[in-house]
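Listed here are the chains, written in short residue letters.
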Amino acid sequence: MKKALLSGLIASMVLGISLSAAAAGPAPKTINIGYQKANIFALLKYRGTLDEQFKKQGIAVRWVEFPAGPQMLEGLNVGSIDLAATGDAPPTFAQAAQADLVYLAHSPANPKTEAIVVPENSAIKSVADLKGKRVALNKGSDVNYLLVSALEDAGLSYKDITPVYLPPADARAAFQRGAVDAWVIWDPYYAEVETNAHARLIKNAEGLVPHYTFYLASRKFAETYPQTAKQVVDELGTLSTWANAHQEEAAKILSTSTGLPQLIWQRALARMPYGAERMTPEVFKQQQALADKFTQIGLLPVKVDVSSATWSLDK
């Protein structure tokens, strides 16, 4: 009787181990993560916690730097990276280009981190005053959506202003010398121009657009290694909790990454809640509204079905 009981116990243990292994699923030998110097993956890279966690599992982490979201998602599309984090707009352009990506998760909405600013002594007092003005922005970026939404809210259209498409560094120079009347920008560049050029806010994204950071993966990677993808999202959540509670330390790390002073980063982080939340129908709906608006004004050449990039674990 005891022998049979022991045999049954051993069999149960073996079955349990087998089931655990099956649940864990396959794991990659290397995970390639795209990052920008100013985004949450940079914070994760410099802290080293994900590398340590994966090293224990025999997984190497390779970090690949990109100058901006569109280039990063091109890397995701061609297979040079497996994971990325960008703002709202780049994924819709990637989907329009037939990139086979999925949305893993998103940050909390952070509308205070992007804004329309003007020089301190500008006569422009409101969005309505932008009519006929030259407005600098990064084409197809998150702030492009803010600008369109703000203009419509003020009774204007995109055709009522002259968009001047410039990357942040060039836009900053144009703003400084008065070559543009306004600049639509995001943190930490927003915090920098507030601090050093005393730029004046005329409108941020509050009440207009939610503004998320999205955590993305190639569909192939996410569906081949779902537990690894989930582990990255979980680690982003843990990192977010730490960063929100230790803004000074997070600012120091991001200062090292970007070269911007720590005090500028502290200003940016004070209005930038980190987090990693699973996708919901409401967030997909908001992202679809962005894509539809870009199609309407001609920035996207085709209509995009955002929900086609739903991760299978969310279905």
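- The name given to the protein chain in an unreviewed UniProt entry is Aliphatic sulfonate ABC transporter substrate-binding protein, with Erwinia sorbitola as the source organism.
- For the protein chain, the Sequence similarities (unreviewed entry) comment in UniProt is given as "Belongs to the bacterial solute-binding protein SsuA/TauA family."
- Its UniProt record, at the heading Subcellular location (unreviewed entry), says of the protein chain: "Periplasm".

1. What to know about the packing of aromatic side chains
Okay, so step 1: Inspection of every chain in the model, using the stated rule, returns eleven aromatic pairs.
Okay, so step 2: Ring geometry for Trp186 against Tyr189: centres 5.8 Å apart, planes inclined by 85 degrees, an arrangement best described as edge-to-face.
Okay, so step 3: For Tyr189, a relative accessible area of 32% puts it in the partly exposed group.
Okay, so step 4: Three or more aromatic residues joined by ring pairs make a cluster, and in this case those are Tyr35, Phe41, Trp63 and Tyr215.
Okay, so step 5: Sitting above the plane of the Tyr46 ring, Lys45 keeps its charged end 4.6 Å from the centroid.

2. A few points about the pairing of strand β1 (residues 30–35)
Okay, so step 1: Burial of β1 is extensive: five of the six residues sit out of reach of the surface.
Okay, so step 2: Bridge analysis of β1 against strand β2 (residues 60–65) gives six bridges, and the strand direction is parallel. The partner of Gly34 across the bridge, within β2, is Val64.

3. With respect to the environment of Ala250
Okay, so step 1: Note on placement: Ala250 falls in helix α11 (residues 247–258).
Okay, so step 2: Between the alpha carbons of Ala250 and Leu269 there is a distance of 8.4 Å; along the sequence they are 19 residues apart.
Okay, so step 3: Apart from residues no more than four positions distant in its own chain, Ala250 is found in contact with Leu43, Trp242, Ala243 and Leu269.

4. Focus on the layout of surface pockets
Okay, so step 1: Of the voids in this model, the largest pocket is the one considered here, and its volume is about 910 Å³.
Okay, so step 2: Of all elements in the fold, only α4 (69–78), β3 (83–86) and α7 (168–177) reach the threshold of two or more residues within the lining of the largest pocket.
Okay, so step 3: For the lining of the largest pocket, the element with the highest residue contribution is α4, accounting for three residues.
Okay, so step 4: Taken together, the residues that form the lining of the largest pocket break down as 19 nonpolar, 15 polar and five charged.

Reading the values: rules and limits
Residues numbered from 1 in each chain as written. Predicted model: local features only at pLDDT ≥ 70, side-chain atom pairs only at ≥ 80, totals over all residues. Heavy atoms only, no water. UniProt positions renumbered as here; feature names shortened; annotations may be inferred. Phe/Tyr/Trp six-rings, centres within 6.5 Å; stacked < 30°, edge-to-face > 60°. Buried < 20%, exposed > 50% of the residue type's maximum accessible area, 1.4 Å probe, protein only. Lys NZ or Arg CZ within 6 Å of the ring centre and 35° of its normal. Helix = DSSP H or I, 4+ residues; strand = E, 2+ residues; numbered from the N terminus. Pairing = 2+ DSSP bridges. Contact = heavy atoms within 4.5 Å. 1 Å grid on protein atoms, 1.4 Å probe; cavity = no way out; pocket = protein on both sides within 12 Å on 5 of 7 lines; lining within 4 Å. Points joined across faces, edges and corners; volume = space filled by probe spheres on them. Nonpolar A, V, L, I, M, F, W, Y, C, P; charged D, E, K, R; others polar.

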